[in-house]
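Notes for the structure review
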Amino acid sequence: MGAVKVKIVEYEKYGEADVLNIVDRTAPIPADGEVLINIRAAGVNPFDWKLRSGYLQKFFKVEFPVYPGNEGSGVVAAVGPGVTNFKAGDEVSFLSRNIKQGCYAEQVAIETEHVVPKADHISFAEAAAWPLSGVTAWKALVETAPISKDMKVLIHGGAGGVGGMAIQIAKHRGAHVATTCSAANAEYVKSLGADEVIAYDNEDFSTAGKIYDIVFDTVGGDVHKNSYEVLKPGGTLVWIIAGPVEDLSEEFGVIRKLAVVENVVDALEGVAGLINDRVARPQVGPEFDLSDVAAAHIHSQSGHAKGKVILAIS
Ligand SMILES: NC(=O)c1ccc[n+]([C@@H]2O[C@H](COP(=O)([O-])OP(=O)(O)OC[C@H]3O[C@@H](n4cnc5c(N)ncnc54)[C@H](OP(=O)(O)O)[C@@H]3O)[C@@H](O)[C@H]2O)c1
């Protein structure tokens, strides 16, 4: 009998979304400390199309073919040697290490420290929608610029994958939360708990005065630059790599910190806990079949995804 084959998305060169191919490859075998997962849904992140386009060549060296996708949900099919905390049949969410991807696939083998049980009350699509965005928001607002009760916090891009989780985490920590998004998404971000919405197509957030303790920048560019204007003296601009940024922190007398998505085990468990306790709910945007992976990338590339773009896999 030949080796079992599974479908996976790959690309052999940088380019537009049409470089994405679905190919068969030999099913992975879980190594020591890994579980083999039958993937049910995968998250599509801006990182994936930025890497595919070649925009990130300066920062990340890749070897072709590249297998995109670094988060998802599914059912444990088998466990590798030494694994005692998961068993076949367990429903899980997972986040791969940053550049070690390959989650737009029918199966992945992944180390157990990056796998958490799926909450019973959420769907597989929801379970695939949070690992990267939830961990990023946690890194920013719990570990890098910790929010405490009654702080005034501005979260840019509240309608996106990261912003949606950030609003819920910030509210849970007792902050007064303002967020920016397009006017079309104002009701949506309020439904996630935002106290105030600044619709960037009608209003300029940078004229609010120096009122925020923390600004979380998930957008970059002018949004980053103008954020210095609205921080209290000594306040913190926490940011993730989204667009070009300028460091004006000294000029404005504020603190500027990059939230880095590394050492994610505590953050994964932290966000999983909030979801289990129904404090936070992952936000699912449009769903695409694996065969429509190019359309999923094109949607993410618009820069206006509402919730997480999801690939439904089986
Ligand atoms: N480790 C890291 O550094 C890290 C980790 C995760 C993500 N990221 C980066 O962070 C960014 C956000 O990620 P994501 O997954 O949340 O992206 P996303 O799901 O694609 O969301 C982008 C959001 O940005 C909003 N937006 C666009 N222009 C805006 C503006 N001028 N002001 C306010 N909101 C604006 C859009 O809302 P509207 O449609 O309402 O405009 C959209 O909802 C991406 O660039 C991603 O690559 C970095």
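Residues numbered from 1 in each chain as written. Predicted model: local features only at pLDDT ≥ 70, side-chain atom pairs only at ≥ 80, totals over all residues. Heavy atoms only, no water.

Digging into the packing of aromatic side chains
- In total, this model carries 5 aromatic pairs according to the counting rule given.
- Aromatic side chains Trp 49 and Tyr 55 sit 6.1 Å apart centroid to centroid with 80° between the ring planes, which places their arrangement in the edge-to-face category.
- For Trp 49, a relative accessible area of 10% translates into the label buried.
- Through successive ring pairs, a cluster of aromatic residues spans Tyr 11, Tyr 14 and Phe 64. (Phe/Tyr/Trp six-rings, centres within 6.5 Å; stacked < 30°, edge-to-face > 60°. Buried < 20%, exposed > 50% of the residue type's maximum accessible area, 1.4 Å probe, protein only.)

Regarding the packing of helix 3 (residues 131-144) against helix 8 (residues 265-276)
- In contact at an axis separation of 9 Å, helix 3 and helix 8 are set at 105° when each is read in the N-to-C sense. Between helix 3 and helix 8, the angle falls in the class roughly perpendicular. Contact residues: Pro 131, Gly 134, Val 135, Trp 138, Lys 139 and Glu 143 in helix 3; Asp 266, Ala 267, Leu 268, Gly 270, Val 271 and Leu 274 in helix 8. (Axes fitted to C-alpha atoms, helices over the stretch in contact; angles between N-to-C directions. Helix = DSSP H or I, 4+ residues; strand = E, 2+ residues; numbered from the N terminus. Parallel < 35°, antiparallel > 145°, perpendicular 65-115°, else oblique. Contact = heavy atoms within 4.5 Å.)

Regarding the packing of helix 3 against helix 4 (residues 161-172)
- Here helix 3 crosses helix 4 at 50°, and the two axes come no closer than 8 Å. Between helix 3 and helix 4, the interaxial angle falls into the category oblique. Once helix 3 is placed against helix 4, the crossing between them reads as right-handed. Residue-level inspection shows Ser 133, Gly 134, Thr 136, Ala 137, Trp 138, Leu 141 and Val 142 of helix 3 in contact with helix 4, the latter providing Gly 161, Val 162, Met 165, Ala 166, Ile 169 and Ala 170. (Left-handed = near helix turned anticlockwise from the far one by under 90°.)

What about the domain arrangement of the protein chain?
- You can read the domains of the protein chain as domain 1 (5-130 + 282-312) and domain 2 (133-258).
- Between the C-alpha centres of domain 1 and domain 2 there is a distance of 28 Å.
- The partner domain 2 presents 14 residues to the 12 residues of domain 1 that form the contact.
- Taking both partners together, domain 1 and domain 2 bury about 890 Å²; carbon and sulfur atoms supply 51% of that area.
- For domain 1, the biggest contributors to the area lost against domain 2 are Trp 130, Gln 283 and Lys 306; these three give 51% of the whole.
- Applying the counting rule to domain 1 against domain 2 returns 0 salt bridges. (Domains from an automatic or database assignment. Buried area = accessible area lost by both parts, 1.4 Å probe. Salt bridge = Lys/Arg side-chain N within 4 Å of Asp/Glu carboxyl O.)

Remarks on a negative patch on the surface
- On the surface, Asp 222, Glu 229, Glu 246 and Glu 251 cluster together into a patch of negative charge.
- Here Glu 246 is to be found in the loop between strand 12 (231-239) and helix 7 (249-252). (Patch = residues over 30% accessible without salt bridge, like charges linked within 9 Å, V, L, I, M, F, W, Y side chains within 5 Å. Areas by Shrake-Rupley, 256 points an atom, 1.4 Å probe, with all protein chains shown as cover. Lys, Arg positive; Asp, Glu negative; His and termini not counted. Charge placed at Lys NZ, Arg CZ, Asp CG, Glu CD.)

Digging into the nonpolar core
- By size, the foremost hydrophobic cluster in this structure holds 45 residues, and its most contacted members are Leu 141, Ile 155 and Phe 216.
- Where this core is concerned, the elements lending two or more residues are helix 3, strand 8 (152-155), helix 4, strand 9 (176-181), helix 5 (186-191), strand 11 (212-217) and helix 8.
- Examining the composition of this core, we find that 7 residues originate from one element, helix 3, more than from any other.
- Counting 33 residues, the second-largest nonpolar core is a separate cluster that includes Val 83, Val 108, Val 115 and Val 309. (Core = buried A, V, L, I, M, F, W, Y, C linked by side-chain atoms within 4.5 Å.)

Section: the pattern of salt bridges
- In this structure the tally under the stated criterion is 12 salt bridges.
- Among the ionic pairs, Lys 308 bridges to Glu 71, the shortest N-O distance being 2.7 Å. Here Lys 308, found in strand 15 (residues 308-312), pairs with Glu 71, found in strand 4 (residues 71-79); they are 237 residues apart in sequence, far enough to count as distant.
- We classify Lys 308 as buried; its relative accessible area is 4%.
- With a shortest N-O distance of 3.7 Å, Asp 247 and Arg 256 are connected by a salt bridge.
- Looking at Arg 256, the relative accessible area reads 24%, which means it is partly exposed.

Thoughts on the sheet that holds strand 12
- Ordered by their spatial adjacency, 6 strands build an open sheet running 10-9-8-11-12-13, and the pairing between neighbours is parallel. A strand with exactly one partner marks an edge of an open sheet, and here the two such strands are strand 10 (196-199) and strand 13 (255-258). Strand-to-strand, the axes of this sheet are offset by a mean angle of 20°, without reference to chain direction.
- Here strand 11 pairs with strand 12 via 5 bridges, running parallel. (Pairing = 2+ DSSP bridges.)

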